[in-house]
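# Tertiary structure, described
Here are the chains, one letter per residue:
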Amino acid sequence: MKFETASGPKDAASREALYDLAQSRVAIEGVWPEIDCGRFEVKRVVGDELTVGADIFVDGHDKLDAAVLFRRAADNEWSEVRMDFVENDRWRGSFSLTENTRYLYTIIAWRDLFATWRDEVEKKRAAGQSLSTEIEEGRILIEDAVQAAAHGTEPERTALRALHGYIEEAASEADRLDLMLTDRAVDLMSKVARRTHLTRYEKTLSVWVDRPKAAFSAWYEMFPRSQSGDPQRHGTFDDVIARLPYVRDLGFDVLYFTPIHPIGKMDRKGRNNALEAEPGDPGSPYAIGSEEGGHDAIHPELGTFADFHRLVKAAEQHGLEIALDIAIQCAPDHPWITEHPEWFDWRPDGTLKHAENPPKKYEDIVNVHFYREALPSLWFALRDVVLFWAGHGVRIFRVDNPHTKPYPFWEWLIEDVRARYPETIFLSEAFTRPKVMKRLAKLGFNQSYTYYTWRNTKAELTDYLTELTRSESREYFRPNFFTNTPDINPIPLQTSGRPGYQARLILAATLACNYGIYNGFELCEGTPIPGEEEYLHSEKYEIRAWDWDRPGNIKDDIRFINRLRREHPALQQFLNLNFYNAWNDNIIYYGKMTDDLRDVLLFAVNLDFCHPQGAHFEVPLWEFGLPDDASVGVEDLITGERFTWTGKVQHIHLDPNVRPYAAWRLLPPGGA
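Residues numbered from 1 in each chain as written. Predicted model: local features only at pLDDT ≥ 70, side-chain atom pairs only at ≥ 80, totals over all residues. Heavy atoms only, no water.

## Details of the overall build of the protein chain
Secondary structure assignment for the protein chain yields 16 helices and 28 strands. The dimensions of the protein chain, computed from C-alpha atoms along their principal axes, are 105 × 75 × 50 Å. Sorting the 672 residues of the protein chain into buried and exposed places 54% on the buried side. Across the protein chain, contacts joining residues at least 24 apart in sequence account for 75% of those joining residues at least 6 apart. Accessible area of the protein chain: about 29,600 Å², with a carbon and sulfur share of 50%. (Helix = DSSP H or I, 4+ residues; strand = E, 2+ residues; numbered from the N terminus. Buried < 20%, exposed > 50% of the residue type's maximum accessible area, 1.4 Å probe, protein only. Contact = heavy atoms within 4.5 Å. Areas by Shrake-Rupley, 256 points an atom, 1.4 Å probe, with all protein chains shown as cover.)

## Regarding the UniProt feature "binding site: alpha-maltose 1-phosphate" (unreviewed entry) in the protein chain
In the numbering used here, UniProt assigns the "binding site: alpha-maltose 1-phosphate" (unreviewed entry) feature to Lys-269, Gln-329, Asp-364, Asn-401, Lys-540 and Tyr-541. Secondary-structure assignment places Asp-364 in strand β15 (residues 360–366). Residue Asp-364 is classed as buried on the basis of its relative accessible area, which comes to 3%. Those residues in contact with Asp-364 that sit more than four places away from it in its chain are Asp-267, Arg-268, Lys-269, Ser-284, Ala-287, Cys-330, Ala-331 and Pro-332. Counting through the fold element by element, Lys-540 comes out in the loop between β20 (514–518) and α16 (555–567). Residues in contact with Lys-540, not counting those within four places in the same chain, are Phe-223, Arg-225, Gly-283, Ser-284, Pro-285, Pro-486 and Asp-487. (UniProt positions renumbered as here; feature names shortened; annotations may be inferred.)

## Some points on unusual backbone geometry
Of note, the amide linkage connecting Trp-32 to Pro-33 takes the cis form, showing an omega dihedral of 5°. As for its placement among the helices and strands, Pro-33 is situated in the loop between β1 (27–32) and β2 (42–45). The amide bond that connects Leu-375 to the next residue, Pro-376, takes the cis arrangement and shows omega of 15°. Relative to the elements of secondary structure, Pro-376 occurs in the loop between β15 and α10 (377–391). Even without being glycine, Cys-524 reaches a positive phi, approximately 60°.

## Section: the UniProt feature "site: Transition state stabilizer" (unreviewed entry) in the protein chain
According to UniProt, the feature "site: Transition state stabilizer" (unreviewed entry) maps to Asp-487 in the numbering used here. Among the secondary structure elements, Asp-487 is positioned in the loop between β19 (479–482) and α14 (491–496). Of the residues examined, Asp-487 reaches a relative accessible area of 28% and is grouped as partly exposed. Apart from residues no more than four positions distant in its own chain, Asp-487 is found in contact with Glu-533, Glu-534 and Lys-540.

## Observations concerning the pairing of strand β28 (residues 661–667)
Of all seven residues making up β28, seven are buried, and the element is well covered by its neighbours. Residues of β28 alternate between two faces, with Tyr-661, Ala-663, Arg-665 and Leu-667 on one and Ala-662, Trp-664 and Leu-666 on the opposite face, all of them buried. Where strand β23 (residues 600–606) and β28 come together, six bridges link them in antiparallel fashion. Residue pairing for β28: Phe-603 is matched across the bridge by Ala-663. Both strand β25 (residues 631–636) and β28 contribute to a ladder of four bridges, which runs antiparallel. Looking at the pairing, Gly-633 lines up with Leu-667 of β28. (Pairing = 2+ DSSP bridges.)

## Describing the packing of aromatic side chains
To describe a pair of aromatic rings, one takes the distance between the centres and the angle between the planes. Enumeration according to the criterion identifies 47 aromatic pairs in this entry. On the numbers, 6.2 Å between centres and 50° between planes, the contact of Phe-95 with Tyr-105 is tilted. Pair noted here: Phe-95 is in strand β7 (residues 90–96) and Tyr-105 is in strand β8 (residues 102–111), with a separation of 10 residues, a long-range link. Residue Phe-95 shares its accessibility class with Tyr-105, and that shared class is buried. The interplanar angle of 25° and the centroid separation of 5.7 Å between the aromatic rings of Tyr-590 and Phe-603 together place this pair among those described as stacked. Highlighted residues: Tyr-590 in strand β22 (residues 587–593) and Phe-603 in strand β23, separated in sequence by 13 residues. Accessibility assignment for this pair places Tyr-590 and Phe-603 in one class, buried. Connected via pairs of aromatic rings, a cluster forms that spans Phe-370, Tyr-371, Trp-379, Phe-380, Phe-397, Phe-409, Trp-410, Trp-412, Phe-426 and Phe-445. The ring centre of Trp-208 lies 3.9 Å from the NZ or CZ of Arg-418, which sits over that ring. (Phe/Tyr/Trp six-rings, centres within 6.5 Å; stacked < 30°, edge-to-face > 60°. Lys NZ or Arg CZ within 6 Å of the ring centre and 35° of its normal.)

## A look at the sheet that holds strand β13 (residues 321–326)
Taking strand neighbours around the barrel as the criterion, the eight strands line up as β11-β12-β13-β16-β17-β18-β19-β20 in a closed arrangement whose pairing is parallel. Strand-to-strand twist across the sheet, computed as the mean angle between neighbouring axes with direction ignored, equals 25°. Pairing between strand β17 (residues 425–429) and strand β18 (residues 447–449): two bridges, direction parallel. Counted as the bridge partner of Ser-428 is Ser-448 from β18. (Axes fitted to C-alpha atoms, helices over the stretch in contact; angles between N-to-C directions.)

## Considering helix α6 (residues 183–192)
Helical geometry note: an α-helix holds 3.6 residues per turn, so side chains three or four residues apart project in the same direction. Regarding α6, the residues found buried are Ala-185, Val-186, Leu-188, Met-189, Ser-190 and Val-192. Elements that come into contact with the buried residues of α6 comprise β4 (64–72), β5 (79–82), α2 (113–126), α3 (132–148), α4 (154–169) and α5 (173–180).

## A closer look at α3
Here α3 contains 17 residues, and its C-alpha end-to-end distance of 25 Å stays within 8% of the 24 Å for a straight helix at 1.5 Å per residue. Residues of α3 that are buried sit in contact with α2, α4, α5 and α6. Positive backbone phi, at 45°, marks Ala-149, one or two positions downstream of α3. (Expected span 1.5 Å × (residues − 1).)

## Some points on the packing of helix α7 (residues 237–250) against α16
Axes are the key here: two packed helices are described by the angle between their axes and the distance separating the axes. Interaxial distance between α7 and α16 falls to 7 Å at its minimum, and their mutual angle equals 65°. Residues Tyr-246, Arg-248, Asp-249 and Leu-250 of α7 form the contact with α16, whose participating residues are Lys-555, Ile-558, Arg-559, Asn-562 and Arg-566. Taken together, the residues of the contact of α7 with α16 break down into three nonpolar, one polar and five charged. (Nonpolar A, V, L, I, M, F, W, Y, C, P; charged D, E, K, R; others polar.)

## Digging into the domain arrangement of the protein chain
As far as domains go, the protein chain holds domain 1 (9–209), domain 2 (212–566) and domain 3 (577–667). If you average the C-alpha positions of domain 2 and of domain 3, the two centres end up 35 Å apart. The interface of domain 2 with domain 3 comprises 24 residues on the first partner and 21 residues on the second. Counting the surface lost from both domain 2 and domain 3, the interface buries some 1,900 Å², and carbon and sulfur atoms represent 69% of this. Our count for the domain 2 to domain 3 interface comes out at zero salt bridges. Summed over the shared surface of domain 2 and domain 3, the result is nine residue pairs in polar contact (both at pLDDT 80 or more). Of all the elements in the fold, those that place two or more residues in the side of domain 2 that touches domain 3 are α13 (458–470), α15 (498–511) and α16. In terms of residue count, α15 provides more of the side of domain 2 that touches domain 3 than any other element does, eight residues in total. Of the residues belonging to the side of domain 2 that touches domain 3, the class tally is 11 nonpolar, nine polar and four charged. (Domains from an automatic or database assignment. Buried area = accessible area lost by both parts, 1.4 Å probe. Salt bridge = Lys/Arg side-chain N within 4 Å of Asp/Glu carboxyl O. Polar contact = N/O pair within 3.5 Å; in protein donor to acceptor, adjacent residues only side chain to side chain.)

## Brief notes about the pattern of salt bridges
A full pass over the atoms with the stated rule returns 61 salt bridges. For Glu-143, the salt bridge goes to Arg-139, with nearest N and O atoms at 3.3 Å. In this pair, Glu-143 and Arg-139 are both assigned in helix α3, four residues apart and thus about one turn of the helix distant. Of the charged contacts in the structure, one is a salt bridge between Arg-498 and Asp-557, with a shortest N-O distance of 3.8 Å. Taken together, the positions of Arg-498 in helix α15 and Asp-557 in helix α16 put the pair 59 residues apart, joining distant regions of the chain. Judged by relative accessible area, Asp-557 falls into the buried class, the value being 6%. One connected set of salt bridges, linked through shared partners, spans Glu-41, Arg-102, Glu-415 and Arg-418.

Set out below in C-alpha cells:
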C-alpha cells in the first residue's frame, strides 16, 4: 500500500501541530508549588529558597535531565538551576529569593543522550560485550556537543573541547572509552550538550517575595485617643510617643492603631454601644468622616500631620513600625456622601441604609457599594487612600472586614499598591468562612487573622495548626494569632484569671510567627458584657485610662516570650512546628527546631486554668538520631537552669497558679 505525503492547508497545519507535539516528548506533571492551576502565586520572604518539585519522565528507559527556570518578573533573561532526581520520577530544585519582588518560575526537561549512552555502555561492558560501535557513538555525541556549543559557560565549553581533543588522540579504544566514562565527561556533557526533545512546562508560575516582617512580627494594638492616662482628656500623638518605650520594652515591633480619622457626629454611638451619645462621648473611631474630613484626614484632637510624622519617626527610633487601620465605611456625615452619592446605596425614601451584621447593627456607619456608577471612581479613591498614607510613611495596613468587599477589588488594589511600594504589608481581618479567608490570602493579603481565638482545647489547637502547617494553604496563608481584639473578648478568658492569659499568650507567640495582643491583655482585662463576647465599657465607645502596673499583670511573661522569639531562629519559622506526645488532654506539648538542629525548643502548656495538671511526655530523642535510652542536655528557658534528661519519657507538673507553661531548649550532643 502506498501512502501519500500530506498536503494542503489543513494537512500543513496538522503537520506543524504534530511536530510541536512530538518535540514535547518529556512529561512534566505534578508541579509544586502551584496554587489553583497557577491562578495564584505562593508567598515567601527575602532570604528564603523556593523548592520546586515535579514528576518528570519519558517513554522508554532514556536518562533525563531537568532544570528550574527563574527570574525576577521585571527581568527578561532566565536563570536556571538543575533539578535533582528524588525517587519514583520525582525531581526537585531550589533557587534563592533575594529581593522583595515577584519572581517567575517554570520547569524544563530533556533527554540526556550522553547519560543514556553511558548507562548502556557500562551495562554492556559489565556483561563483557564488544563496545566498538558504542565507543564511536559516544565520540560522535561529544563531537556534536563541541560543534553546537549550545549551552554551558565558555570555560565549560573550553573544557569539553579539550576533552574531545584527548579522546581523538587516545592511543586505543579502551583509553578513549575510559576518558568518555569519567564523571568529568558526564558533567561537562550535561552542561554543554544539545538538549534533545527539550520540553517546557506549559505554565509560568510566580512567587511573591515579601520583606521578613510579613512572616515574623509581634503586634501591639492601641487606641491613640486613650493614651493620655486621663479618661477626661483625649489622647494625642504626643501621648503615643510617650508610650513608645513601654511598647518596645514589652518586645513588640509593630504598633497598630485603630482608625485615626475624624469621627462622625451624626448618629454617633454612646458608651457601651448606646444608640444615643451623651455630650462629650467620643464615638466609635470606625464611624469615619465628618465635616473635618474623611479617610485622608486626621481626627483634630489627635494632632496634625506634622505630629503624625514625628510619631512615625519616633516609633522607628524605638524599633517599632506603625500599622494603620483601613476601614472602608463611612459615618453618615462623611464628605463622600455629598460629594459622591453614586458610591452609596439609597433607599426608596431617600435615606441611606446603615451597616448591619445581623443581629448586630451599626447605626453610626453606612457602607459604600463597588459597582454601577461607583466603578471605577470609588476603586481609585480607595486605592489613593492607601497610597496617601504610604506617602506619609506607613507600610503596614490592617484591613477591616475585607471579606465584605469584592475580591477583584482587593486583587487590583494590593497589586497596584505594591507595584509602587513592594514592602507594603496587608493584614486581613476576616473572621469568616475558611475558604473565604484563604481566597483573600491568595489575592495578595500578606497576613491573615485566624480562628485561633476560638481554638481552645488540645485537639482543636492540634488539628488547626496541623491544617495550617501541613495543607496547601501553607504556601500562601500566613496566620496572625491575635489573642484578643477590641471586638473579641474571648469567653474562656472572661473567667480564667491570670493563668488563662499567660497560656494564651505563650501559645499565640510560639505556635505562630505573627501574633498580636490588644492593649489591656497584659493586664488580664476581660470584664465582659454578661453573656457576650464583648468588653464592658468598650474602648470603642469611650476613652479609657489604664494602670499599666496594676497587680496581676503578665508583662514579664510578654517580655520573656518576645525575647525568646528574637533570640531563637526556631521561633522565627512557622512550618517547623511539631506536636509530640504528652499523655494528658489538658497539656499540649510541641516543639520547633531549625534544620541544622542547633536550635531545638520544646513547650508544654496547661490548658486547665484552674487546676494543676501532670503528664508523662516524650522527649524527641529521635530528632538527633539518639536511641530511646539516651541522655540529652536541657536548658530551662525560664530559669536558665541546665540539667540532663535520660530516656525518652519524662514527666511534667504544671500548676497554673505558679506558671501554666514550661519552655526548654535541648542541647544537641556536642553542642553548647
